[in-house]
Amino acid sequence: MEVRPTERTGVFHRLRRGLSKTHQGLVGHLDSLFSGRGAIDQDLLDELEEFLITADLGIRTASRLLEAIQDRTKSKDCDSPEKVKEVIQREILEILKAGERPVHIDQKPFVFMVVGVNGVGKTATIGKLAKYYQNGVERIIFAAADTFRAAAIEQLEIWAHRAGAQLIKHHRGADPSAVAYDAVHASRARSADLLFIDTAGRLHTQVNLMEELKKIKRIVRREMPQAPHEVLLVLDATTGQNAIAQARLFHEALEVTGIALTKLDGTAKGGIIVAICQELGIPIHYVGVGEHLDDLHPFNAEQFIQALFA
Amino acid sequence: MFESLTDKLSLVFKKLRGHGKLTEQNIQEALREVRMALLEADVHFRVVKDFIESVRGRAVGEEVMASLTPAQQVVKIVHQELVTLMGSENRQIRLSGNPPVPLMFVGLHGCGKTTTVAKLARLLKGNGRVPYMVSADVYRPAAVEQLHTLASQIEVDFYEPHQGEEPLEICKKAQDNAVRRGCDTLLIDTAGRLHFDEILMDELREIKRVIPPKEILLVADAMTGQDAVNIAKSFNDQLGIDGVILTKMDGDARGGAALSIRAVTGSPIKFIGVGEKIEAIEAFHPDRMAARILGMGDVLSLIERAQTAFDEKKAKELERKIRKAEFTLEDFKDQLRQIRKMGSLEGLLQMIPGLGKVKGMGSFHMAEKELVKVEAIINSMTPQERRNHNIINGKRRLRIARGSGTTVQDVNRLLRQYLMTRKMLSKMKTGRLTGVPRGVFPFS
């Protein structure tokens, strides 16, 4: 496995720090699950199920993985608990590898439209993304298209300041599509490299608000063909099975091109993305592992699994 | 995806017809379905395990009541157990003591603390209290501004911190100010934090020691997964939680976190947040939550929301009409107007059991402008047409379209929507519309 040292202390350390906390809580340590056992018995499978479910993989995905294990145990290549661990990691890796597709910034301006339900960390993610892509010369513009929530514009303004980005804003209550329109034109006129459109959080079940998002996307595309180049769905790792519904409905409405999974610095493991990867095939682009400006990283399937099983 | 548990259990029990008693063997498969339902609803694994055992204990040996099928019997037991688990006498926020009574709100990032504080302040104000708000969140960009904007919106006084003031200092000054201004309730919004963040938890402990709040309320996202137990346990161990407010309940999350949190903290859930608008907060009802976790829909909430939006007489009349399937276009127009007071039509339909995820629900979507059109169309109909849609033939449709400045397609679409609504409504004519108690205002 290829892990650069800086990332090891970065993402993995943070992931692990958070995840190790979980183990002190209700979940038993996984190593004790696999080591110190002679044979593969029902207890092992039960505990494995518990492990997968408490990591939010969901009952369906967990059952599917367990079935795969049970099939394998009949053959020779999976005859000890250690092997079981290997097999299950390989199975999950296979699913997540398909979702590991980094974003290529190949247009100028490159337009990100950032969407998600309330409180997942859209604005913070934009701030961190800007920092991630900012290497001193990039010209970055933020569009404050969350015109609904109190102080959302102010919040983005502060992140813009931190990340060295320019801000296109209207007043609270303005038409978000109009903000996006202005931002697209501004990004062209100022020959910006990147444009991030922040949108208001909304539950995926709110049809009118999803229509509003479609409109924003439509307007952006009309003014700049091929834009938005990325429709980034931000998901909170703390979220359970509902994340699938979120991903599905946002995808249906907007053709989401990738996911940013935030708040992985907590004790939640974000196992739901395994289910999302498998069922919807949406790539995972980034993971958020903290509150600092540089706490956003490209998604790496191996690291994710390492943290999951840590 | 949202087939109700009752349906699944009915299938399980089909082959067991004729059994008079629930036995260990014949409920085994049923309990597996219950387990699935609970895990799909994000109830924590261990909590599910314990719960299933307690249900098994209760169910085995129970006579199947004459009026019920075994499936219904099991659902009834499961539902009752859930209600018992989540229920509590103690669902009111205590507000006795010397004013200003401090309430502190804690939780993770993005769970909706600030919005919840404002919603509660508005409720308190409506109840004759004089709230005072303060944000001790000096970390998140524009958090303080957010609280101030909301405070101004509901016309509640708030503390404006000075540059560089520490959270504890802010709370103390806010308390002093609240006294000086004669406010009787102090609502303290705190910064979102991870439950194992020692430094930030210390900060909360300090505030707790100095102020001390009458109640500490944990604000939690209804969409939270298995991690809900860790979060709730951590906050409870370190601060002592007096109650829980569950937010974002207006989505389609089944909200199993409610059960997990309740199981690990023992603290009652006191309120639920049901929307982004400042008035979107409701009392917590264990029976409805139980039904929702089991995927059985939320008919009771639907009816209550209908009741607050409709006046009693109209509701009675509507009920009669639904029963008799006399729901006319005139009523449809009326309903559309009233329904807007309750929220979106899709939202409402999703509360009906089994309709959670009907495809093509989008066709029910009526935008603000659409509604004006609909009214115009219905107003262009003759009284006979409104009473009996069957007589509206092609020629009449043309006339109606001309009269209302719309197209025949618009008229067709409206009729389709009317018929679908009528069909949906007829599904809920189970007599449940009567005798539902109104939500009691949950403050002592």
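Rules and cut-offs
Residues numbered from 1 in each chain as written. Chains lettered and ligands numbered in written order. Predicted model: local features only at pLDDT ≥ 70, side-chain atom pairs only at ≥ 80, totals over all residues. Heavy atoms only, no water. Domains from an automatic or database assignment. Contact = heavy atoms within 4.5 Å. Buried area = accessible area lost by both parts, 1.4 Å probe. Salt bridge = Lys/Arg side-chain N within 4 Å of Asp/Glu carboxyl O. Polar contact = N/O pair within 3.5 Å; in protein donor to acceptor, adjacent residues only side chain to side chain. Helix = DSSP H or I, 4+ residues; strand = E, 2+ residues; numbered from the N terminus. Nonpolar A, V, L, I, M, F, W, Y, C, P; charged D, E, K, R; others polar. pLDDT = per-residue confidence, 0-100. Core = buried A, V, L, I, M, F, W, Y, C linked by side-chain atoms within 4.5 Å. Buried < 20%, exposed > 50% of the residue type's maximum accessible area, 1.4 Å probe, protein only. Pairing = 2+ DSSP bridges.

Student: Explain the domain arrangement of chain B to me, and be specific about the residues and the numbers.
Tutor: Residue and element names in this part refer to chain B. Looking at chain B, the domain boundaries give domain 1 (3-85), domain 2 (101-285) and domain 3 (310-428). The centre of domain 1, based on its C-alpha atoms, is set 37 Å off from the matching centre of domain 2. Contact residues are listed per partner, giving 11 residues for domain 1 and 13 residues for domain 2. Carbon and sulfur atoms make up 59% of the area that domain 1 and domain 2 hide from each other, which totals about 1,000 Å². Counting the surface domain 1 buries against domain 2, the share from its top three residues, D42, H44 and L85, is 47%. Connecting domain 1 to domain 2 are zero salt bridges. Along the contact surface separating domain 1 from domain 2 lie six residue pairs in polar contact (both at pLDDT 80 or more). Among the secondary structure elements, those contributing two or more residues to the side of domain 1 that touches domain 2 are α2 (24-40), α3 (45-59) and α4 (70-86). In terms of residue count, the dominant contributor to the side of domain 1 that touches domain 2 is α2 (three residues). In the side of domain 1 that touches domain 2, the residues fall into eight nonpolar, one polar and two charged.

Student: I'd like to hear about the confidence of the model for chain B, residue by residue, with values.
Tutor: Residue and element names in this part refer to chain B. Summarising the model, chain B shows a mean pLDDT of 81, and 75% of its residues fall at 70 or more. Low pLDDT (under 50) marks residues 353-364, which in the prediction has 26 contacts with non-local residues, meaning those over four places away or in another chain. Across residues 430-444, where pLDDT falls below 50, the model places 37 contacts with residues more than four positions away in sequence or in other chains.

Student: Explain the interface of chain A and chain B to me, using residue names and the numbers behind them.
Tutor: Chain A puts 51 residues into the contact, and the matching count from chain B is 43 residues. Summing both partners gives a buried area of about 4,100 Å² for chain A against chain B, and 57% of it is carried by carbon and sulfur. Among the ionic pairs, E50(A) bridges to R46(B), the shortest N-O distance being 2.6 Å. Put simply, chain A and chain B have 15 residue pairs in polar contact (both at pLDDT 80 or more) between them. Of all elements in the fold, only α1 (5-24), α3 (42-54), α4 (59-73), α7 (152-163), α9 (207-223) and α10 (242-254) of chain A reach the threshold of two or more residues within the side of chain A that touches chain B.

Student: An account of the nonpolar core is requested, with residue identities and associated values reported.
Tutor: Counting 168 residues, the largest nonpolar core has I92(A), L96(A), F142(A), F196(A), F235(B) and L246(B) as the members making the most contacts within it. Top element by residues in this core is α3(B). It accounts for seven residues. For this core, the two domains that each supply at least three residues are domain 1 (3-85) and domain 2 (101-285) of chain B. When sequence neighbours within four positions are dropped, the list of residues in contact with I92(A) reads L52(A), L57(A), L65(A), V274(A), I305(A), L308(A) and F309(A).

Student: How would you explain the confidence of the model for chain A if you had to name every residue and give the values?
Tutor: All names here are of chain A. With 88% of its residues at a pLDDT of 70 or more, chain A shows a mean pLDDT of 87. Here residues 1-12 is a poorly scored stretch, pLDDT under 50, and it has 17 contacts once near neighbours within four places are set aside; other chains count. Here residues 18-28 scores under 50 on pLDDT; set against residues more than four positions off or in separate chains, the count is 25 contacts.

Student: Describe the sheet that holds strand β8 (residues 281-283) of chain B, and please don't skip the residues or the numbers.
Tutor: Residue and element names in this part refer to chain B. Taken together, the eight strands give an open sheet; going across it, the order is β3-β2-β4-β1-β5-β6-β7-β8, and neighbouring strands pair in mixed fashion. Because the sheet does not close on itself, it has two edges, and the strands there are β3 (157-158) and β8. Pairing of strand β2 (residues 131-135) with β3 involves two bridges; the strand directions are parallel. The residue of β3 that forms the bridge with Y132 is D157.

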